[in-house]
Amino acid sequence: MTDLYQSQRAMRQMRQQALQRGVIAILDVGSSKIACLVLRFDGTSKLSDDNSIGALAGQSGFRVVGAATTRSRGVQFGEITAMQETERAIRTALQAAQKMAELRVDHVIACFSGANPRSYGLDAEVELEGNVVTENEVARVLAACDVPEYGAGREVLHAQPVNFALDNRTGLNDPRGQLGQSLTVDMHMLTVDGDAIQNLVHCIKRCDLELAGIANSAYVAGISALVEDEQELGAACVDMGGGSTSVSIFLKKHMIYADCVRMGGDHVTQDISMGLGVPMANAERIKTFYGGVHATGMDDREMIEIGGDTGDYEHDRRRVSRAELIGIMRPRVEEILEEVRARLDAAGFSHLPSQQIVLTGGGSQTPGLDGLATRILGQQVRLGRPLRVHGLPQSATGPGFASAVGLALFAAHPQDEWWDFEIPVDRYAGRSIKRAVKWFRDNW
Amino acid sequence: MRQIMRPKQVRRQRSDPAPSRLSYRIQRWMLTPGIRMALRVGIPFVLVFAVVSAYLADADRRAAIQTTIADIRTSIEERPEFMVSLMAIDGAGPALADDIRAVFPIDFPISSFDLDIETMRDTIAGLDPVKSAIVRIRPGGVLQVDVVERQPVVIWRSRKGLALLDETGTFINTLTSRTERPDLPLILGKGANQNVAEALALFQAAKPLGDRMRGIVRIGERRWDVALDRDQAIMLPAQQPVSALQRVIALSEAQDMLSRDVAVVDMRIGARPTLRMTPEAVKDWWQIREINGRERERRIAETSGH
């Protein structure tokens, strides 16, 4: 656990440095595109005169000065599979964003969706030493959480205290300074495969950048796509990406569950490619122009030239009706949504007070998807777009940029994590003597 | 019929847009603020500096540039608008004017750029007979010197000779003989020149003495003696000498004191004015007293004889 503390704290420190310098890059490593935003921080955000939150939800502290996207290479299911290719793609995106911002960026915060995220709920209870909850007590109760065996080769990506309870009062956000006898904490911990993180770290190192933070894209997509009351009352965010579809559940403004379905838009494209016998590029184009999930009588008559590159005239001039295309796409989309349904059921989403589901990500732009999702996921489904932030170019405001924008918000207002609290003194054990000696040596 | 097929457009495989590591690094390097600054300011500066210094490295070119600059300068300075052709001295007597001309032997015409007006004014104002001076260049190429001369008010006789002083005691000129300026009063003694104002007040008060007045003498750098003809002297106190002198004059007018055989009127102690008579007068006085004494004895004897 000390290891985890150290690496995460190192990243947190790097983020502090970046915020002091005022420039940080956001990197969304997806399976179909890699998006890079360059943020410039202009000091702390000020509330408007009447103390209301304001049009930008208090997110005016930073400004997007550079934005670039590039086709992703070497990423499958949200995981890096070809390091060199991914490194080149990251370099492309970063170079373009730096050029637009005319700033040199040294720190980057990255997010990715794959690597088998797994959620754990932890809790712990301690008797308070005094009557008042102090910071040290909070650290003590956090440290008292018994970490489950999440397996070798996996690493903790997020560990956020989501709820504090003092005696019989629960639902406390910040128990510090309150009086009570025993303090209970509920914590949400998200683990991913360590190799995926290592690969990403390596790619970013190869681009001469410092990694200032890693986040799961399900989490950051939820931050930007869910509105405040949805986060408060409970909602699920389904980020339909290229290689994977990630699901996150929010309650009381905290993520309490995240998971990932290893299917996405690329699989739909692959189905079209196989079903119609066209190259992937053609299939992608057909999908984006003519795709849909709900066939009508009109679609039988609408013929699509599917093209081809073989040189055989007959083969290259084939036409299919749009209904056929929808017939290929719909089962796969249904399958994805069924999987999402299964994950939500497994997480106990049906017990939440609100059943709101927000679809975002590039895949959510499929026409008719909201109707299909309503049939599978439940009545309260809407399509989500990312929050507006200062300076974001129009081309980067689509649902495909939900996780990039969410990561920018995350960079500006990071949530307290486990490692942000001091390690309680008794955990130091042997090191405390050494620290005392070092203190004496430094000061006398 | 031959089928006419359009040549299939070979769709070029779109090259990977990824920059090479080198170009990526170069771009990041160029975005570094220090490097950008150096490129925008440093390199142009160095280039200009190098070109200029390479051009000036040759001594002949430097000399040529200097000559050109000097030529331009001279041609501007020697324009008729800037030339000064004569010096006009106002407010100075002929002797002083000659002195001033002797101090500045300027050969006219001269450019006004070559005249140092400040120094000229300081030098002229530094001359003894000059109280203040204004030096300027008048339109028309005239160097105008306006001088206010010091007016001599007393003659000071010291061991070095006779000197003319103005009312502040400043030295103006030497004098060969007292008869050159019989109109001016005479003061003597060490330190007399530092109290000319007091001396003038005394002369003013001594007006009733008329031409009996010979001069006043500073004694011990402290007080004044008024010297009259017939070797008479009035010794005045250090404090308020003028009123003491007025007392003496009043006494003299009432009782004709000064026209008698008095050598010194000593007013140094105001409460006890003292007269000193000449030795002859003392002798006469004793004779008279003797005669008077015999007369009285005789008279006493006569009365006792009765």
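Please refer to the structure higher up on the page.
Reading guide: rules and limits
Residues numbered from 1 in each chain as written. Chains lettered and ligands numbered in written order. Predicted model: local features only at pLDDT ≥ 70, side-chain atom pairs only at ≥ 80, totals over all residues. Heavy atoms only, no water. Salt bridge = Lys/Arg side-chain N within 4 Å of Asp/Glu carboxyl O. Helix = DSSP H or I, 4+ residues; strand = E, 2+ residues; numbered from the N terminus. Buried < 20%, exposed > 50% of the residue type's maximum accessible area, 1.4 Å probe, protein only. 1 Å grid on protein atoms, 1.4 Å probe; cavity = no way out; pocket = protein on both sides within 12 Å on 5 of 7 lines; lining within 4 Å. Points joined across faces, edges and corners; volume = space filled by probe spheres on them. Nonpolar A, V, L, I, M, F, W, Y, C, P; charged D, E, K, R; others polar. Contact = heavy atoms within 4.5 Å. Arc of directions from axis to C-beta. Axes fitted to C-alpha atoms, helices over the stretch in contact; angles between N-to-C directions. Parallel < 35°, antiparallel > 145°, perpendicular 65-115°, else oblique. Left-handed = near helix turned anticlockwise from the far one by under 90°. Buried area = accessible area lost by both parts, 1.4 Å probe. Polar contact = N/O pair within 3.5 Å; in protein donor to acceptor, adjacent residues only side chain to side chain. Pairing = 2+ DSSP bridges.

## Things to note about the pattern of salt bridges
All names here are of chain B.
Part 1 of the argument: Counted by the stated rule, this structure contains 40 salt bridges over all chains.
Part 2 of the argument: Linking Lys190 and Glu221 is a salt bridge whose minimum nitrogen-to-oxygen distance equals 3.8 Å. Taken as a pair, Lys190 in the loop between strand 9 (186-188) and helix 6 (196-205) and Glu221 in the loop between strand 10 (213-219) and strand 11 (223-228) lie far apart in primary sequence, 31 residues in all.
Part 3 of the argument: Note on Glu221: relative accessible area 46%, which makes it partly exposed.

## Digging into empty space enclosed by the protein
Residue and element names in this part refer to chain A.
Part 1 of the argument: For the structure on display, the rule yields two cavities of 30 Å³ or more.
Part 2 of the argument: Looking at the largest cavity, its volume works out to about 90 Å³.
Part 3 of the argument: Lining the largest cavity, in full, are Gln8, Met11, Arg12, Arg15, Leu157, His158, Ala212, Gly213, Ile214, Phe410, Glu417 and Trp419.
Part 4 of the argument: Counting residues per element, the ones that place at least two in the lining of the largest cavity are helix 1 (2-21), strand 8 (154-166) and strand 11 (210-216).
Part 5 of the argument: Counted by class, the lining of the largest cavity contains six nonpolar, three polar and three charged residues.
Part 6 of the argument: Of the voids in this model, the second largest cavity is the one considered here, and its volume is about 40 Å³.
Part 7 of the argument: Lining the second largest cavity we find Val29, Val75, Gly78, Glu79, Ile80, Phe112, Ala196 and Leu200.
Part 8 of the argument: Secondary-structure elements contributing two or more residues to the lining of the second largest cavity are strand 5 (79-80) and helix 4 (194-206).
Part 9 of the argument: Class assignment for the residues of the lining of the second largest cavity results in six nonpolar, one polar and one charged.

## Considering the environment of A:Glu127
Residues and elements named next belong to chain A.
Part 1 of the argument: Mapped onto the fold, Glu127 is located in strand 7 (residues 118-127).
Part 2 of the argument: Along the primary structure Glu127 and Ser182 are separated by 55 residues, whereas in three dimensions their C-alpha atoms are 4.3 Å apart.
Part 3 of the argument: In contact with Glu127, other than residues within four places in its own chain, are Arg140, Gln181 and Ser182.

## Topic: the layout of surface pockets
Part 1 of the argument: Taken as a whole, the second largest pocket spans an internal volume of roughly 1,200 Å³.
Part 2 of the argument: Taken together, the residues of the lining of the second largest pocket break down into 18 nonpolar, ten polar and eleven charged.

## Describing helix 12 (residues 369-377) of chain A
Residue and element names in this part refer to chain A.
Part 1 of the argument: Considered for burial, the residues of helix 12 that qualify are Leu369, Leu372, Ala373, Ile376 and Leu377. All buried residues of helix 12 lie within an arc of 105° about the axis, which places them on one face of the element.
Part 2 of the argument: In this structure, the buried side of helix 12 is in contact with strand 12 (235-240), helix 11 (322-347), strand 17 (356-360) and strand 18 (381-383).
Part 3 of the argument: Remark: Gly378 follows helix 12 within two positions and exhibits a positive phi of approximately 130°.

## Side note on the packing of helix 11 of chain A against helix 12 of chain A
Two quantities define a packed helix pair, namely the angle between the axes and the distance from one axis to the other.
Residue and element names in this part refer to chain A.
Part 1 of the argument: Where helix 11 meets helix 12, the closest approach of the two axes is 10 Å, and the angle between their N-to-C directions is 40°. Classified by the interaxial angle, the pair formed by helix 11 and helix 12 is oblique. Taken as a pair, helix 11 and helix 12 cross one another with a handedness that is right-handed. Together, Arg330, Val333, Glu334, Leu337, Glu338, Val340, Arg341 and Leu344 of helix 11 and Leu369, Leu372, Ala373, Arg375, Ile376 and Leu377 of helix 12 make up the contact between the two elements.
Part 2 of the argument: Here the contact of helix 11 with helix 12 is composed, by residue class, of nine nonpolar, no polar and five charged.

## Considerations on the interface of chain A and chain B
Part 1 of the argument: Taken together, the contact between chain A and chain B spans 20 residues of the former and 16 residues of the latter.
Part 2 of the argument: For the pair chain A and chain B, the two sides together bury roughly 1,700 Å², of which 40% comes from carbon and sulfur.
Part 3 of the argument: Contact with chain B buries area across many residues of chain A, yet A:Arg91, A:Gln95 and A:Arg104 alone supply 37% of it, more than any other trio.
Part 4 of the argument: The interface formed by chain A and chain B includes three salt bridges.
Part 5 of the argument: In this structure, B:Arg21 and A:Glu87 form a salt bridge, with 2.9 Å as the shortest nitrogen-oxygen distance.
Part 6 of the argument: Connecting chain A to chain B are ten residue pairs in polar contact (both at pLDDT 80 or more).
Part 7 of the argument: In terms of residue class, the side of chain A that touches chain B is made up of five nonpolar, three polar and twelve charged.

## Some points on the sheet that holds strand 17 of chain A
All names here are of chain A.
Part 1 of the argument: The strand order 14-13-12-17-18 describes an open sheet built from five strands, whose pairing is mixed. Where the open sheet ends on each side, the last strands, each with one partner, are strand 14 (254-261) and strand 18. Averaged over all adjacent pairs, the angle separating strand axes in this sheet is 20°, with direction ignored.
Part 2 of the argument: One ladder, built from three bridges, connects strand 17 with strand 18; its direction is parallel. Residue Val358 lies in a different strand from strand 18, and its bridge partner there is Arg382.

## Quick word on the packing of helix 2 (residues 33-56) of chain B against helix 3 (residues 59-77) of chain B
All names here are of chain B.
Part 1 of the argument: Running from N to C, helix 2 and helix 3 point in directions that differ by 90°, and their axes come no closer than 7 Å. In terms of their interaxial angle, helix 2 and helix 3 are classed as roughly perpendicular. For the pair helix 2 and helix 3, the contacting residues are Ala54, Tyr55 and Leu56 in the first and Arg61, Arg62 and Ile65 in the second.
Part 2 of the argument: By residue class, the composition of the contact of helix 2 with helix 3 is four nonpolar, no polar and two charged.

## Some details on the side chain of A:Glu79
Residues and elements named next belong to chain A.
Part 1 of the argument: Of note, Glu79 is situated in strand 5.
Part 2 of the argument: For Glu79, a relative accessible area of 17% translates into the label buried.
Part 3 of the argument: A distance of 2.6 Å separates polar atoms of two side chains, one belonging to Glu79 and the other to Arg262.
Part 4 of the argument: Not counting residues within four places of it along the chain, the set of residues in contact with Glu79 comprises Gly74, Gly114, Ala115, Asn116 and Arg262.

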